[in-house]
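Remarks on the overall topology
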Amino acid sequence: MSILVIAEHDNANLKPATLNTVAAAKELNGEVHLLISGNSCQSVADEASGVEGISKILISDNAAYENHLAESTANLIKSVASNYSHILAAATTFGKNVLPRLSALLDVQQISEITEIVSEDTFKRPIYAGSCIATVKSNDSIKVITVRATAFDPVNSSGGSASIENIDADNISDLTSFVGEEIAQSDRPELTAASIVISGGRGMQSGDNFHLLEAIADKLGAAVGASRAAVDAGFVPNDYQVGQTGKIVAPDLYIAVGISGAIQHLAGMKDSKVIVAINKDEDAPIFQVADYGLVADLFNALPELSEQL
Amino acid sequence: MKILVPIKRVVDYNVKVRPLGDQSDVDLNNVKMAMNPFCEIAVEEAVRLKEAGTATEVVAVTVGKSDSQEQLRTALALGADRAILAETDSLLEPLAIAKVLSKIIEEESPQLVILGKQAIDGDNNQTGQMLAAMLNYSQATFASEVKIDGDSASVTREIDGGLQTIKVSLPAIITTDLRLNEPRYASLPNIMKAKKKELDVKSIGEMGVDINNRMELLSVELPASRQEGIKVESVEDLVSKLKEEAKVIS
Ligand SMILES: Cc1cc2nc3c(=O)[nH]c(=O)nc-3n(C[C@H](O)[C@H](O)[C@H](O)COP(=O)(O)OP(=O)(O)OC[C@H]3O[C@@H](n4cnc5c(N)ncnc54)[C@H](O)[C@@H]3O)c2cc1C
Ligand SMILES: Nc1ncnc2c1ncn2[C@@H]1O[C@H](COP(=O)(O)O)[C@@H](O)[C@H]1O
C-alpha cells in the first residue's frame, strides 16, 4: 500500500501545510510519495526530498502547471492514481479546488477535511461548523482525502532522503486560463502557521484601527486575522478571515478583539491552545471559549496591552 | 444564456446542531431549515445576470426530499424562472448528488451553472468541482466576482493568499464565496408570484444513475469541550497570566 500526498507550493518553496499532510499520511502505515506539479519547480523537489517520511517524489515540470489550475492538475493526479490506496492534500483553497475534481474523475466519494485517522478506512471530521464530529468509514477502493492541517503536527522538514522521479504531463486542459493574482505580501508569519494570532472583528470599527492590532502582532511575532464581519466591511482583505468558511487556525495563543464569537468564527479557532477575548460586552459568546476574558473597551485595552508587552 | 442553480435545503445557520442521544447521527428533529447561505448567493448572482440582460433564464434545481420544494419556492421568489426537484428519500453523498445534477444539466444544457462553494451541513465543499469533472467543464470555485464576456467568463477567486483571476470557457461551473454579492430578501408580492411558477418534480429512480453511498456514518459526537476560563480584571492581570500561568508569551 502506498500513499500519495499532493504537494502545495509556489514553484519555489513548499507550503507548510504539506508537512502536516505528510504527517497524516504517515499515520496510514504505508510508503509515502509526494507529487509535485508546477513550472520550473525543481527547487521544490530538492527541498521536499529532505522532508521526513517521504520515500519518493514524483515531479511533473511543465508550463501548464504553473498556476495549479484544477483541470490539468486533477488530470495529472488521475494518471498515477491507480498506484495508490490513499491520495491526500491539505484542506486549503488549493486542495479543496483540485481534490473533489479528482475524486469524480476516479468515481470515489471524497472525505473532506479529516481531523483524525481512526484506521486506514475510518476517519473523523467536523460537520455543521464543528458543532459535531462525525466518524465515517469509506468503502471506496482509493481514498481521496483532504486534511485539516492544524489537526496534525507537521513532520520535520529535514532528515529525509527521498528519490526524485520525473513524470510526464498528462491530458493538459485548456478549458481555463490564468489571468492574474493579487497575493498579499507581509513580513508577519502566515495565519495558519503562526504560533500567535491576534484577530479583530466588527468592533474594530475601521481598517485604520487594525494598526492597533498590528502593533501588538509585531511585538509578539504574531499573525493578524479577522472575523467575517471585519472582512465584509472592508477593514482587511479576504485572506484574513478565520472561521468555518475562512482559515482554520490553532495557534498556541489566539487573541480575539471586538469579536462576538459566532459559531462560524469559533469553528476556525476553538482548537487554539490558549484563547484570550477582549470585548466590552460581558455576555459575548466568545467568553465561553476564552481561557482569559477581559471585559473592556478595546480602544483603551489595546494601547495599554501594546505598552506592557 | 441559461443559468442553472443547484441549491440545498440545510439546517438554518443560527441553529446549534447536536448529536442524537444514541450518537447515530445529528438530531434534526424540529430544527429550522433554510436554503444554504452560499446557494442564496448563487441564486442572487444568477438573477442579477438576468436583470443585466446577460442571462435569459434561471433554473433552480435541488436533489432531495419532497420538503425541499420550500427552498425551491424561495429561489423562485428571489427571481428564478422555474424549478426542478429531483426527488429522493435517501440522503445522498456529494458524488451521487453531482451525478443526478449532471443528468439534469445534460437535458437542460445551461451555459453556466452556479453553486454554493459549500453546504453548511456536511461542510463538504465538493459538489461543484465533481460536477465540473463529470461534465468535463471548466471550474471557477470560491468566486468573489464574475464577469461574462462572450463565450467565456472572467472570475476572481478567493484563495488562501489573496485573490486570483482566471478565465473559464463556457459552459462553466462557478461556486460562490461569501463576498460575491449580498442576497436580497424576497418581497411579499414575489413570494405570491412564486407560487404560480413552474416546479417540476422528477423521480431519481428513473434517471438511471448510481446513487449508492460510498461512506458509512459510524457515529456523531460532540467535540471535546474546553475547560471553563476566567475573567481577568485588567490588562496588567492579563499580561501576567499569559506570562506566568499560560506561559505563551515571554
Ligand atoms: C454561511 C456563513 C459562513 C460564515 N463564515 C464565517 C467565517 O468563516 N468567519 C467568521 O468570522 N464569521 C463567519 N460568518 C459570520 C458570523 O455568523 C458572524 O456574523 C461574524 O463572525 C460576526 O463577526 P464579529 O464578531 O466581528 O461581529 P459582531 O457579531 O458584530 O461582534 C462585534 C463584537 O465587538 C464588540 N465590540 C464593539 N465595540 C467594541 C469596543 N469598542 N471594545 C470592545 N468590544 C467591542 C461587540 O460587543 C461585539 O461582541 C459566517 C456566516 C454565515 C451565514
Ligand atoms: N442536494 C443538493 N441539491 C442541489 N444542489 C446541491 C445539493 N447538495 C449540494 N448542492 C450544491 O453544491 C454546493 C456545495 O455543496 P457541498 O459539496 O455539499 O458542500 C451547494 O452550495 C449547492 O449549490
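Computed from a predicted structure; not experimentally measured.

**Structural notes on the sheet that holds strand 7 (residues 122-127) of chain A**
Taken together, the four strands give an open sheet; going across it, the order is 6(A)-7(A)-8(A)-12(B), and neighbouring strands pair in antiparallel fashion. With partners counted over all chains shown, the strands left at the sheet margins are strand 6 (116-119) of chain A together with strand 12 (215-221) of chain B, one partner each. Each adjacent strand pair in this sheet contributes to an overall mean axis angle of 30 degrees, direction not counted. The pairing of strand 6 of chain A with strand 7 of chain A spans three bridges and is classified as antiparallel. When the sheet's bridge partners are listed, E116(A) is paired in strand 7 of chain A with K124(A).

**Structural notes on the sheet that holds strand 4 (residues 57-64) of chain B**
As summarised here, the arrangement of the 10 strands in space is 11(A)-9(B)-8(B)-7(B)-10(B)-6(B)-1(B)-4(B)-5(B)-11(B), forming an open sheet in which the pairing is mixed. This sheet does not close on itself; its edge strands, each paired only once, are strand 11 (176-183) of chain A together with strand 11 (199-203) of chain B. Shown here is a sheet whose adjacent strand axes are inclined to one another by a mean of 30 degrees, direction ignored. In the sheet, strand 4 of chain B pairs with strand 5 (residues 82-87) of chain B via six bridges, with the strands oriented parallel. Paired with T62(B) across the strands is L85(B), a residue of strand 5 of chain B. Against the sheet, helix 2 (residues 69-78) of chain B contacts strand 4, strand 5 and strand 11 of chain B, and its axis sits at roughly 165 degrees relative to strand 5 of chain B.

**Here's the deal with the interface of chain A and chain B**
By convention, interface size is frequently given as the accessible area that disappears when the constituent parts associate. Across the contact, 83 residues belong to chain A and 77 residues belong to chain B. Summed over both sides, the interface of chain A with chain B buries roughly 6,800 Å², with 53% coming from carbon and sulfur. Considering only the side of chain A, the residues that lose the most area to chain B are Q109(A), Y128(A) and Y292(A), jointly responsible for 12% of the buried surface there. Applying the counting rule to chain A against chain B returns seven salt bridges. The closest approach of N and O atoms between K99(B) and D107(A), which form a salt bridge, is 2.8 Å. Run the count over chain A and chain B and you get 49 residue pairs in polar contact (both at pLDDT 80 or more). Summarising the sheet, strand 16 (residues 292-295) of chain A and strand 13 (residues 230-232) of chain B pair through three bridges and their orientation is parallel. Bridge assignment links G293(A) to a residue of strand 13 of chain B, and that residue is K231(B).

**Some points on the pattern of salt bridges**
The tally for this structure, following the rule as stated, stands at 33 salt bridges over all chains. Across the pair D12(B) and K32(B) runs a salt bridge whose closest N-O atoms are separated by 3.5 Å. Linking D12(B) in the loop between strand 2 (9-11) and strand 3 (33-35) with K32(B) in the loop between strand 2 and strand 3, this pair joins segments that are 20 residues apart in sequence. On the basis of relative accessible area, K32(B) is assigned to the exposed category, the value being 55%. Within the structure, one salt-bridge network assembled from shared partners comprises D107(A), D140(A), K99(B), D210(B) and R214(B).

**So, the confidence of the model for chain B**
Per-residue confidence for chain B gives a mean pLDDT of 97; residues scoring 70 or more make up 100%. Model confidence for the complex: the whole-complex pTM is 0.96, and ipTM, which rates the interface, is 0.96.

**Brief notes about helix 1 (residues 17-26) of chain A**
Residues and elements named next belong to chain A. Most of helix 1 is tucked away: nine of the 10 residues are buried. When we look at burial in helix 1, the residues that qualify are A17, T18, L19, N20, T21, V22, A23, A24 and A25. Contact partners of the buried residues in helix 1: strand 1 (2-6), strand 2 (31-38), strand 4 (86-90), strand 6 and strand 9 (143-147).

**Here's the deal with the site of ligand 2**
Residue and element names in this part refer to chain B. The immediate surroundings of ligand 2 are formed by 17 residues, with P6, V63, A119, N125 and T127 found nearest. One nitrogen or oxygen atom from the side chain of T62 is found 3.4 Å from a nitrogen atom belonging to ligand 2. Within the contact set of ligand 2, an oxygen atom lies 2.7 Å away from a backbone nitrogen or oxygen of A119. Across the complex, the protein chains shield 99% of the 480 Å² of accessible surface that ligand 2 would expose by itself. Elements represented by at least two residues in the shell around ligand 2 include exactly strand 4 and strand 6 (112-116). For the shell around ligand 2, the per-class residue count stands at eight nonpolar, eight polar and one charged.

Cut-offs and rules
Residues numbered from 1 in each chain as written. Chains lettered and ligands numbered in written order. Predicted model: local features only at pLDDT ≥ 70, side-chain atom pairs only at ≥ 80, totals over all residues. Heavy atoms only, no water. Pairing = 2+ DSSP bridges. Helix = DSSP H or I, 4+ residues; strand = E, 2+ residues; numbered from the N terminus. Axes fitted to C-alpha atoms, helices over the stretch in contact; angles between N-to-C directions. Contact = heavy atoms within 4.5 Å. Buried area = accessible area lost by both parts, 1.4 Å probe. Salt bridge = Lys/Arg side-chain N within 4 Å of Asp/Glu carboxyl O. Polar contact = N/O pair within 3.5 Å; in protein donor to acceptor, adjacent residues only side chain to side chain. Buried < 20%, exposed > 50% of the residue type's maximum accessible area, 1.4 Å probe, protein only. pLDDT = per-residue confidence, 0-100. Near = heavy atom within 4 Å. Areas by Shrake-Rupley, 256 points an atom, 1.4 Å probe, with all protein chains shown as cover. Nonpolar A, V, L, I, M, F, W, Y, C, P; charged D, E, K, R; others polar.

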